[in-house]
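Descriptive structure summary
Listed here are the chains, written in short residue letters.
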Amino acid sequence: MTSKHKATTVVSAGRDPKWTKGVVNPPVMRGSTVVFESVAQMKQATGNRANQTLFYGRRGTETTFAFADAMTQLEGGAGCAVYPCGTAAISGALLSFLKAGDHLLMVDTVYEPTRDFCDKMLANLGIETTYYDPMIGDNIESLLQANTKVVFTESPGSITMEVQDVPAIAEVAHRHGAIVMLDNTWGAGVLLDAFSLGVDISIQAATKYIVGHSDVMLGTAVATKEFWPQLRENSYLLGQCTSPDDLYLALRGLRTLNVRMQQHQENALKLANWLAERPEVDHVRHPAFASCPGHQVWQRDFSGSNGLFSFVLKQGHQQATTAMLDGMQHFKMGYSWGGYESLILAVYGIERLRTATQWQTNGPLIRLHVGLEHVDDLIADLEAGFERFN
Ligand SMILES: Cc1ncc(COP(=O)(O)O)c(CNNC(=O)CNC(=O)c2ccccc2[N+](=O)[O-])c1O
């Protein structure tokens, strides 16, 4: 059941009666061994093991098939591979399409553990990574090599929020025979139509907005028809599988994704506008703000925004920032985002994470994930924080 309206898709997707058996939510089907009543039945299952047929736990159960269908319908691809976390989805997708001697173009603002994977593991496998400026657009052509097989994007960057011109990058990449991957965790499949922008593999840390309740680690990669068989089979070879209990919780999260995103967006925009007026704030890095790099691309490509954005302080020694962050009532410190709760993260040392661009500010960057609490309570929390800061 598909619709052009995301509000309908998140409610209807993945509820095929062959998985739900008539109840609204697909049952949690736990299993490793699948037993067969006849040689013929075993042969049929073995022959169809790659096509949502019960074969062995590693290929998934009907709970897996329901969730994978839901993500495939949400993102508009040909199939969805599931992974134990977002990082596994990223590394699994990269390993599915790269081999020794290949070259990878990686955005300089990429999530740090993704950078680490490239620098520590891909390098040891003989795969060369070149980092590029997120704002490069079609000038990425100057970086493409004969052996460039993948161009990896993350838009917006999950710390500094630069919005990439993915269509421009994809047009060039495809002309040179390279595959385009997008870490689409911020867009979450509802704020951006990755495949209409030329993306070939849309990856998410479903840990974040898809699950939406900070209680499951999960990754997804949805591929176009051209690349789905290779992603599916190589992810299986890597042994990537997930628990049906986690997938059930992810399906449950998916059902409220659209309404949660609307409230995250509303709260975050109110907070971002409030922060923009604070004397302590140098600038706000929210894709909906003109001060955010790539703002016009966000206006063109995205249908909205969510709870994740950052702001840079004019100045601030670490002890002042620590005083601000300690004692928050609602903005708790935690390494994640996308759940219903508000989070705050002071990010230091960004300059050492950049190899293709410069990062230079007078004060620290604070990343907020704005949750579903009443916005007045969140403003009061930050106001008290600034009193401790000053
Ligand atoms: C855009 C994006 N893409 C993939 C992942 C990984 O997902 P996973 O946590 O399910 O593996 C994430 C995970 N997000 N987590 C955070 O932003 C919190 N910070 C970290 O996890 C972290 C960990 C180690 C070093 C640096 C960071 N960091 O974000 O800067 C992500 O933001």
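Here we summarise the structure given alongside this text. A quick note: this is a predicted structure, and the numbers were derived from the prediction, not measured. (Residues numbered from 1 in each chain as written. Predicted model: local features only at pLDDT ≥ 70, side-chain atom pairs only at ≥ 80, totals over all residues. Heavy atoms only, no water.)

Here we look at unusual backbone geometry
For the peptide bond that leads from Ser-155 to Pro-156, omega is -5°, which places it in the cis range. Summarising the element assignment, Pro-156 is placed in the loop between strand E4 (148-154) and helix H7 (166-175). Even without a glycine there, the phi angle at Met-161 is positive, about 70°. As for its position among the elements, Met-161 is in the loop between E4 and H7. (Helix = DSSP H or I, 4+ residues; strand = E, 2+ residues; numbered from the N terminus.)

A closer look at the pairing of strand E11 (residues 343-347)
The buried count for E11 comes to four of five residues, which makes it a mostly enclosed element. In this sheet, E11 lies alongside strand E10 (residues 332-333) in parallel orientation, the contact comprising two bridges. In the sheet register, Met-333 faces E11, and the bridge partner there is Ile-344. Bridging between E11 and strand E12 (residues 365-369) involves five bridges; their strand directions are antiparallel. Bridged to Val-347 within E12 is Leu-365. (Buried < 20%, exposed > 50% of the residue type's maximum accessible area, 1.4 Å probe, protein only. Pairing = 2+ DSSP bridges.)

What to know about the sheet that holds strand E6 (residues 201-205)
Reading across the sheet, the seven strands line up as E1-E7-E6-E5-E4-E2-E3 and stay open at both edges, with mixed pairing between neighbours. Single-partner strands in this sheet number two, and they are strand E1 (79-83) and strand E3 (128-132). With direction set aside, neighbouring strand axes in the sheet form an average angle of 20°. Sitting on the sheet, helix H5 (residues 86-97) is in contact with E1, strand E2 (103-107), E4, strand E5 (179-183), E6 and strand E7 (219-223), with an inclination near 155° to E6. Where H7 meets the sheet, its contacts fall on E3, E4 and E5, and the angle it forms with E4 comes to roughly 175°. (Axes fitted to C-alpha atoms, helices over the stretch in contact; angles between N-to-C directions. Contact = heavy atoms within 4.5 Å.)

Thoughts on the nonpolar core
Judged by nonpolar contacts, the single largest core of 111 residues is most densely connected at Leu-94 and Ile-201. In contact with Leu-94, other than residues within four places in its own chain, are Leu-104, Met-106, Phe-117, Leu-122, Val-150, Phe-152 and Met-181. The next biggest cluster of nonpolar side chains, apart from the first, holds six residues, and it includes Val-312, Leu-345, Val-347 and Trp-359. (Core = buried A, V, L, I, M, F, W, Y, C linked by side-chain atoms within 4.5 Å.)

Quick word on the packing of H5 against helix H8 (residues 228-237)
Here H5 crosses H8 at 110°, and the two axes come no closer than 9 Å. If you check the angle between H5 and H8, you find them roughly perpendicular. As H5 runs across H8, the sense of the crossing is right-handed. Judged by residue contacts, Ala-93, Ser-96 and Phe-97 of H5 engage Gln-230, Leu-231, Asn-234 and Ser-235 from H8. Tallied by class, residues from the contact of H5 with H8 come to three nonpolar, four polar and no charged. (Parallel < 35°, antiparallel > 145°, perpendicular 65-115°, else oblique. Left-handed = near helix turned anticlockwise from the far one by under 90°. Nonpolar A, V, L, I, M, F, W, Y, C, P; charged D, E, K, R; others polar.)

Overview of the environment of Ser-96
Relative to the helices and strands, Ser-96 resides in helix H5. With near-sequence residues (within four places) excluded, Ser-96 lies in contact with Gln-230, Leu-231, Asn-234, Ser-235 and Leu-238.

Some words on the packing of aromatic side chains
Within the structure shown, the criterion is met by seven aromatic pairs. When the centroid spacing of 5.3 Å and the interplanar angle of 55° are considered together, the rings of Trp-19 and Phe-65 count as tilted. Here Trp-19 is found in helix H2 (residues 17-20), whereas its partner Phe-65 is found in helix H4 (residues 62-75), with 46 residues between them in sequence. Under the relative-accessibility criterion, Trp-19 is labelled buried at 5%. The rings of Trp-274, Phe-311, Phe-386 and Phe-389 are connected pair by pair, giving a single aromatic cluster. Residue placement shows Arg-59 over the ring face of Tyr-236; its charged tip is 3.7 Å from the ring centre. The ring of Tyr-131 has Arg-115 sitting right over it, with the charged end atom 4.0 Å from the ring centre. (Phe/Tyr/Trp six-rings, centres within 6.5 Å; stacked < 30°, edge-to-face > 60°. Lys NZ or Arg CZ within 6 Å of the ring centre and 35° of its normal.)

A look at the sheet that holds E11
Read across the sheet, five strands follow the order E8-E9-E12-E11-E10 without closing on themselves; strand pairing throughout is mixed. A single partner strand is all that each edge strand has here, and the edge strands are strand E8 (281-285) and E10. Strands E8, strand E9 (308-313) and E12 of the sheet are contacted by helix H10 (residues 257-276), whose axis makes an angle of about 10° with E9. On top of the sheet, helix H12 (residues 318-325) reaches E9, E10, E11 and E12; it is set at about 175° to E11, its chief contact.

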